[in-house]
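This is what each chain is made of:
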Amino acid sequence: MRGFSHASVINEFEALTKDAGRLQRETLREILEQNGEAEYLHNFDLGGRTDPDSFKACIPLVTHSDLEPYIQRIADGDTSPVLTGKPITSISLSSGTTQGKPKLLPFNDALIHSTMQIYRTSFAFRNREYPIGNGKALQFIYSSKQAKTKGGLTATTATTNVYRSEQFKHTMKDIRSQCCSPDEVIFGPDFQQSLYCHLLCGLIYSDEVQIVSSTFAHSLVHAFRTFEQAWEELCTDIREGVLSSRITVPSMRAAVSKLLNPNPGLADSIHNKCSRLSNWYGVIPALWPNAKYVYGIMTGSMEPYLNKLRHYAGSLPLMSADYGSSEGWIGANVNPSLPPEMATFAVLPNLGYYEFIPLEKPEGPETENGTASTIHYVEAEPEGLTEVEVGKQYEVVVTNFTGLYRYRLGDIVRIAGFRNSTPELQFVCRRSLMLSINIDKNTEKDLQLAVEAAAKLLAEENLEVVDFTSHVDTSTETGHYVVFWELSSDAAEEVLRSCCNCLDLSFVDAGYVGSRKAGAIGALELRVVPRGTFQKISDHYIRLGGAMSQFKTPRCVGLSNTEVLQILCRNVTASYFSTAYSM
Ligand code: AMP
């Protein structure tokens with residue numbers, strides 16, 4: 001294969017991780033030397049020193065809001081070395097689904113290089129266990145709108161910044177993941193039309209497809225839910241060789257029409273296969289018989305989509321992709337055969353300088369069942385990459401080549417083990433507190449566990465939760481939690497009442513349980529919304545400039561997120577209050 005040898009990539013990874021401590025010190029030195037002129041570093045009197053101790057003594061731990069004024073100045077056209085020595089070439093917009101609004105982040109070539117290093121590394125390990133030949137990938141990837149900042153920089157999502165780069169295309173060829181769809185589809189201005197065309201191009205090249213992937217699992221599930229609705233129309237297009245009139249973007253129409261010739265044989269074969277499937281189980285291997293695996297980020301807030309994805313993937317393995325963010329990359333999945341629930345990410349010690357804030361369990365029982373929610377953990381002094389301890393949980397702190405220094409990423413990870421001398425991380429959850437009325441504290445993970453428990457009652461009725469979110473309703477004197485559910489089809493009232501009670505009982509932190517018993521928090525409310533409601537929410541984010549590739553359903557919608565709250569509240573078809581604490 002051109003310019004790419006699995007063995008050499010794996011050897012390089014082994015060498016990097018064998019000496020992680022030294023590499024960390026070197027990487028920090030390189031970052032600080034490259035950016036020695038940066039105003040930010042001068043503000044803290046680092047005085048040209050590049051060793052970890054001086055760095056930690058002078059530079060404070062920060063969050064995004066501390067850096068915002070600096071990033072804003074860059075976006076507004078300040079070309080002096082504000083955060084970095086080399087110029088920032090573009091601004092990335094984070095998905096914004098955790099905080100309700102996108103964060104502005106600096107982007108430069110270093111991020112493209114690190115993305116390629118991560119992609120190549122995890123591909124080399126995947127390919128060692130699941131080798132693939134030359135072929136294509138059915139990739140559900142989408143760019144976002146590309147705006148200009150006041151200072152003339154491109155502002156778009158980090159994934160779009162990567163897709164736009166030449167290196168991305170070269171690497172995709174090297175790692176045998178060339179997208180079936182032409183660029184006009186990836187960069188199309190209408191996500192629904194792009195999705196339809198991705199499906200169509202995937203079907204046209206059905207025998208060549210070896211990987212089915214997206215950035216996050218949510219887009220994969222969304223794509224196949226759409227396929228369930230659109231398959232007959234897709235067959236008609238293939239049979240007649242004429243693109244559906246639903247594709248109205250001229251450049252997309254022209255590019256996809258070029259690939260389309262009347263092919264009644266293929267259309268019949270797709271039609272027969274789809275007609276034989278039971279409830280779409282195994283649709284991916286049925287239609288893409290040479291696909292070896294399904295790939296995308298499946299951890300963290302993507303876990304709730306795994307059941308559905310397994311259903312579509314049938315016999316094909318699911319492989320969780322790497323761990324990163326708009327801020328930069330953290331680790332590569334070099335254990336591809338682990339199921340997504342157990343996926344780990346080996347930190348690449350040359351991509352940045354990493355610190356970990358230990359989150360210690362407090363003394364004494366914290367919850368009714370004895371397991372403290374991560375939100376209650378107390379912080380200790382940050383530890384270096386090679387100092388972390390297996391089994392412990394930490395918040396990740398990043399220093400990298402794009403001008404982030406001791407930046408708290410807001411993610412909690414658990415150390416699963418070590419690969420040579422670099423840790424392998426398991427993603428736990430976002431750190432931010434989501435549900436809190438008084439002394440209760442619940443994170444995204446706590447909500448996810450509660451929804452999983454209650455969804456078991458639905459599974460007995462062959463129903464599933466399509467998507468979910470939550471809200472704290474304090475409009476009445478005693479506030480209460482609201483959980484919104486979109487279901488696969490209608491559920492009986494009794495079942496939903498039991499689900500509602502189960503949700504209420506599944507929040508086990510002592511603050512919640514105590515407050516519920518004392519009546520300081522009201523009964524949990526389950527509000528059901530009809531099919532398509534969460535699609536309206538993703539449409540809303542995409543209209544604001546987000547990209548489907550990076551979309552994550554917000555798991556808690558606050559009052560400030562007015563439009564999303566309105567979409568949810570306007571659509572409620574039924575509501576139930578828990579009686580769990582009044583029995
Ligand atoms: P964004 O910058 O908006 O794309 O979001 C980045 C965030 O997505 C990270 O900080 C994580 O919370 C989450 N994320 C990224 N990669 C993973 C992963 N492999 N597993 C779980 N969560 C992830």
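Residues numbered from 1 in each chain as written. Predicted model: local features only at pLDDT ≥ 70, side-chain atom pairs only at ≥ 80, totals over all residues. Heavy atoms only, no water.

The UniProt entry for the protein carries the following text under Sequence similarities (unreviewed entry): "Belongs to the IAA-amido conjugating enzyme family." (UniProt positions renumbered as here; feature names shortened; annotations may be inferred.)

Novice: What exactly am I supposed to notice about empty space enclosed by the protein here?
Specialist: Where empty space is left in the structure can be found by rolling a water-sized probe over the atoms. With the rule as written, the count across this model stands at 2 cavities of 30 Å³ or more. Its volume calculated, the largest cavity comes out at about 50 Å³. The residue inventory of the lining of the largest cavity, partitioned by class, reads 4 nonpolar, 5 polar and no charged. (1 Å grid on protein atoms, 1.4 Å probe; cavity = no way out; pocket = protein on both sides within 12 Å on 5 of 7 lines; lining within 4 Å. Points joined across faces, edges and corners; volume = space filled by probe spheres on them. Nonpolar A, V, L, I, M, F, W, Y, C, P; charged D, E, K, R; others polar.)

Novice: Got a minute to help me understand the site of the ligand in this structure?
Specialist: Around the ligand, a shell composed of 17 residues is seen, among which Ser 95, Thr 299, Gly 324, Ser 326 and Asp 411 lie nearest. One of the side-chain N or O atoms of Thr 299 is found 2.5 Å from a nitrogen atom in the ligand. The separation between an oxygen atom of the ligand and a polar side-chain atom of Ser 326 is 2.5 Å. Here the ligand loses 93% of its free accessible area of 500 Å² to cover by the protein chains. At the level of elements, β10 (323–325) and β18 (422–430) are the ones that each hand at least two residues to the shell around the ligand. Among the elements that line the shell around the ligand, the one with the most residues is β10, at 3 residues. (Near = heavy atom within 4 Å. Polar contact = N/O pair within 3.5 Å; in protein donor to acceptor, adjacent residues only side chain to side chain. Areas by Shrake-Rupley, 256 points an atom, 1.4 Å probe, with all protein chains shown as cover. Helix = DSSP H or I, 4+ residues; strand = E, 2+ residues; numbered from the N terminus.)

Novice: Sorry, what's going on with the packing of aromatic side chains here?
Specialist: Aromatic rings in a pair are described by how distant their centres are and how their planes are angled relative to each other. One pass over the full model with this rule turns up 22 aromatic pairs. With a centroid separation of 5.3 Å and an interplanar angle of 90°, the aromatic rings of Tyr 481 and Phe 507 are classed as edge-to-face. Of this pair, Tyr 481 sits in strand β20 (residues 480–487) while Phe 507 sits in the loop between α17 (493–506) and α18 (510–518), and the two are 26 residues apart along the sequence. Under the relative-accessibility criterion, Tyr 481 is labelled buried at 0%. One aromatic cluster is present, built from ring pairs that chain together Tyr 40, Phe 44, Tyr 70 and Tyr 405. We note Lys 136 situated over the ring of Tyr 205; from NZ or CZ to the ring centre the distance is 4.8 Å. (Phe/Tyr/Trp six-rings, centres within 6.5 Å; stacked < 30°, edge-to-face > 60°. Buried < 20%, exposed > 50% of the residue type's maximum accessible area, 1.4 Å probe, protein only. Lys NZ or Arg CZ within 6 Å of the ring centre and 35° of its normal.)

Novice: Would you take a moment to explain the sheet that holds strand β8 (residues 293–297) for this structure?
Specialist: Strands in a sheet are paired, the pairing made by backbone hydrogen bonds, and the direction either parallel or antiparallel. Spatial strand order, β6-β3-β7-β8-β9: 5 strands in an open sheet with parallel pairing. Edge positions in the sheet fall to β6 (178–179) and β9 (318–320), since each has one partner strand and no second. Bridging between β8 and β9 involves 3 bridges; their strand directions are parallel. Residue Val 294 lies in a different strand from β9, and its bridge partner there is Leu 318. The sheet strands contacting helix α10 (residues 191–204) are β3 (136–140), β6 and β7 (209–216), and the helix crosses β3 at an angle near 160°. (Pairing = 2+ DSSP bridges. Contact = heavy atoms within 4.5 Å. Axes fitted to C-alpha atoms, helices over the stretch in contact; angles between N-to-C directions.)

Novice: Just to check I follow, could you spell out the nonpolar core for this structure?
Specialist: The tendency in soluble globular proteins is for nonpolar side chains to be buried as a group. One finds Phe 140, Phe 224 and Phe 227 to be the most contacted residues of the largest nonpolar core, which totals 150 residues. Here this core gets 11 residues from one element, more than from any other, and that element is helix α11 (residues 217–240). Excluding anything up to four places from it in sequence, Phe 227 contacts Leu 199, Leu 203, Leu 234, Cys 274, Trp 280, Val 283 and Leu 287. With 27 residues, the next largest nonpolar core counts Leu 435, Cys 500, Ile 521 and Leu 526 among its residues. (Core = buried A, V, L, I, M, F, W, Y, C linked by side-chain atoms within 4.5 Å.)

Novice: Honestly, the environment of Ile 204 in this entry has me stumped. Any pointers?
Specialist: Position of Ile 204 among the secondary structure elements: in helix α10. Relative accessible area serves as the criterion here: at 23%, Ile 204 is assigned to the partly exposed category. With 263 residues separating them along the chain, Ile 204 and Asp 467 place their C-alpha atoms 31 Å apart. When sequence neighbours within four positions are dropped, the list of residues in contact with Ile 204 reads Leu 259, Leu 260 and Leu 266.

Novice: Just checking my understanding: could you explain the UniProt feature "domain: GH3 C-terminal" (unreviewed entry) in the protein for this structure?
Specialist: If you check UniProt for "domain: GH3 C-terminal" (unreviewed entry), the listed places come out as residues 445–557 in our numbering. Summarising residues 445–557: 43% helix, 19% strand, and an end-to-end C-alpha distance of 15 Å.

Novice: I'm lost on the packing of helix α1 (residues 6–18) against helix α6 (residues 109–129) in this one. Help?
Specialist: Two numbers describe a pair of packed helices, the interaxial angle and the distance between the axes. Close contact between α1 and α6 brings their axes to 9 Å; oriented N to C, the two are set at 115°. By the angle between their axes, α1 is roughly perpendicular relative to α6. Viewed along their axes, α1 and α6 form a crossing whose handedness is left-handed. Note on element contacts: α6 touches α1 through Gln 117, Arg 120, Thr 121, Phe 123, Ala 124, Phe 125, Asn 127 and Arg 128, opposite His 6, Val 9, Ile 10, Glu 12, Phe 13, Glu 14 and Leu 16. Partitioning the contact of α1 with α6 into residue classes produces 7 nonpolar, 4 polar and 4 charged. (Parallel < 35°, antiparallel > 145°, perpendicular 65-115°, else oblique. Left-handed = near helix turned anticlockwise from the far one by under 90°.)

Novice: Just checking my understanding: could you explain the pattern of salt bridges for this structure?
Specialist: Working definition: two side chains of opposite charge can pair if their charged atoms are close together. Here the structure, examined in full by the defined rule, presents 25 salt bridges. Its salt-bridge partner being Glu 464, residue Lys 308 comes within 3.2 Å of it at the nearest N-O pair. A residue pair is termed long-range when its members are at least 10 positions apart, and Lys 308 in helix α15 (residues 306–313) and Glu 464 in the loop between α16 (444–459) and β19 (465–473) qualify at 156 residues. The partly exposed category is assigned to Glu 464, whose relative accessible area is 29%. Among the ionic contacts, a cluster of salt bridges with common partners joins Asp 19, Arg 22 and Glu 26. (Salt bridge = Lys/Arg side-chain N within 4 Å of Asp/Glu carboxyl O.)

Novice: Mind showing me how you'd approach the pairing of strand β21 (residues 525–529) here?
Specialist: Looking down a regular strand, the side chains alternate between one sheet face and the other. By the criterion of burial, β21 is predominantly enclosed, with 5 of the 5 residues buried. Every second residue of β21 is oriented toward a common face, with Glu 525, Arg 527 and Val 529 on one face and Leu 526 and Val 528 on the other, all of them buried. In terms of strand pairing, β20 meets β21 through 5 bridges, oriented parallel. Its bridge partner being in β21, Val 482 is matched across the sheet by Glu 525. In the sheet, β21 pairs with strand β22 (residues 574–577) via 4 bridges, with the strands oriented antiparallel. Counterpart to Glu 525 in the pairing with β22 is Phe 577.

Novice: Help me understand helix α12 (residues 250–257) in this model?
Specialist: In an α-helix, one full turn covers 3.6 residues, which means residues spaced three or four apart are oriented alike. Residues Met 252, Ala 255 and Val 256 constitute the buried set of α12. For α12, the arc enclosing every buried residue in end-on projection is 90°, short of the 170-degree limit, so these residues lie on one face. Where α12 is buried, its residues touch α9 (183–186) and α10. (Arc of directions from axis to C-beta.)

Novice: Just checking my understanding: could you explain α17 for this structure?
Specialist: Between its first and last C-alpha, α17 extends 20 Å over 14 residues, near the 20 Å set by a 1.5 Å rise per residue. Close packing links the buried residues of α17 with α16, β20, α18, β21 and β22. (Expected span 1.5 Å × (residues − 1).)

Novice: Whenever I open this one, the environment of Val 209 confuses me. Can you help?
Specialist: Along the chain, Val 209 falls in strand β7. Using a relative accessible area of 0% as the deciding quantity, one classes Val 209 as buried. Sequence separation between Val 209 and Ala 332 is 123 residues, and the spatial gap between their C-alpha atoms is 24 Å. Discounting residues that sit within four places of it in the chain, Val 209 has contacts with Lys 136, Leu 138, Cys 180, Gly 202, Trp 288, Asn 290 and Ala 291.

Novice: It is not clear to me how the packing of α16 against α17 should be interpreted in this structure. Could you clarify?
Specialist: Relative to each other, α16 and α17 sit at 155°, their axes nearing to 8 Å. Our classification of the angle between α16 and α17 gives roughly antiparallel. In terms of crossing hand, the pair formed by α16 and α17 is right-handed. Residues Ala 450, Val 451, Ala 453, Ala 454, Leu 457 and Leu 458 of α16 form the contact with α17, whose participating residues are Val 495, Ser 498, Cys 499, Cys 502, Leu 503 and Ser 506. Taken together, the residues of the contact of α16 with α17 break down into 10 nonpolar, 2 polar and no charged.

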